[in-house]
Amino acid sequence: MAAPRTATKNPATGDDQPFDFNLNTVQAEVELTPFRFLWASKANPNRRFTMKHLQDLDSWELIAAAEGGDLGAMVGAFEAAMGKEQFKDFRATPIPQYKLKALFDAYRKHCGAAEGEEQASSDS
């Protein structure tokens with residue numbers, strides 16, 4: 001049996017049509033704890049960077065970055081997670097590929113995402 005459809009009047013728009021799903025009520029299933037790491041630069045030998053939890057990132061930014069392939073998706077995730085200013089500072093210091101991969105692996109692990117796991121997929 002299908003769930004009943006609900007109608008709630010929206011005072012701002014006057015919309016009183018029924019809806020099947022209220023996206024406004026969806027909550028994260030995990031605590032969205034930020035990920036912090038240190039990275040040395042010439043200006044700051046132990047700069048702390050903070051990244052938003054992977055599940056808290058703007059999906060549209062990640063989808064756009066994924067058009068650039070795996071590497072584009074990874075860089076897009078870093079930029080979305082750090083924010084533009086912090087990402088600019090992070091990019092100011094060259095980083096070897098093996099360190100960038102290790103950072104991304106640690107970030108995914110912190111966020112509970114296995115390698116290759118799609119963030120948009122559902123466990124159900």
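The shown structure was predicted, so the numbers you read here are calculated from the model rather than taken from an experiment.

### A short note on the pattern of salt bridges
Overall, the coordinates contain 4 salt bridges when judged by the stated rule. Put simply, glutamate 79 and lysine 84 hold a salt bridge, and the shortest N to O gap is 3.3 Å. A residue is classified by how much of its surface remains accessible, and glutamate 79, at 27% relative accessible area, is partly exposed. With a relative accessible area of 59%, lysine 84 lands in the exposed category. One salt bridge in this structure joins lysine 101 and aspartate 105, with 2.8 Å as the shortest N-O distance. Of the two residues, lysine 101 and aspartate 105 are both situated in helix H4 (residues 97–111); the distance of 4 residues between them amounts to about one turn of the helix. In this structure lysine 101 comes out as partly exposed when scored by relative accessible area, which is 45%.

### A few points about the layout of surface pockets
Here the second largest pocket is characterised by a volume of approximately 170 Å³. Forming the walls of the second largest pocket are Trp39, Ser41, Lys42, Ala43, Asn44, Arg47, Phe49, Asp89, Ala92, Thr93 and Pro94. Broken down by class, the residue content of the lining of the second largest pocket amounts to 5 nonpolar, 3 polar and 3 charged.

### Brief notes about H4
Taking 1.5 Å of rise per residue, the 15 residues of H4 would be expected to cover 21 Å, and the 21 Å separating its terminal C-alpha atoms lies within 8% of that figure. Taken residue by residue, H4 has Leu100, Leu103, Phe104, Tyr107, Arg108 and Cys111 as its buried positions. Angularly, the buried residues of H4 cover 130° about the axis, an arc narrow enough to put them on a single face. Summarising the geometry of H4, the exposed residues directed more than 90 degrees from the buried face are Tyr98 and Lys109. Where H4 is buried, its residues meet strand S3 (35–39), strand S4 (47–51), helix H2 (69–82) and helix H3 (84–91).

Cut-off values and rules
Residues numbered from 1 in each chain as written. Predicted model: local features only at pLDDT ≥ 70, side-chain atom pairs only at ≥ 80, totals over all residues. Heavy atoms only, no water. Salt bridge = Lys/Arg side-chain N within 4 Å of Asp/Glu carboxyl O. Buried < 20%, exposed > 50% of the residue type's maximum accessible area, 1.4 Å probe, protein only. Helix = DSSP H or I, 4+ residues; strand = E, 2+ residues; numbered from the N terminus. 1 Å grid on protein atoms, 1.4 Å probe; cavity = no way out; pocket = protein on both sides within 12 Å on 5 of 7 lines; lining within 4 Å. Points joined across faces, edges and corners; volume = space filled by probe spheres on them. Nonpolar A, V, L, I, M, F, W, Y, C, P; charged D, E, K, R; others polar. Expected span 1.5 Å × (residues − 1). Arc of directions from axis to C-beta. Contact = heavy atoms within 4.5 Å.

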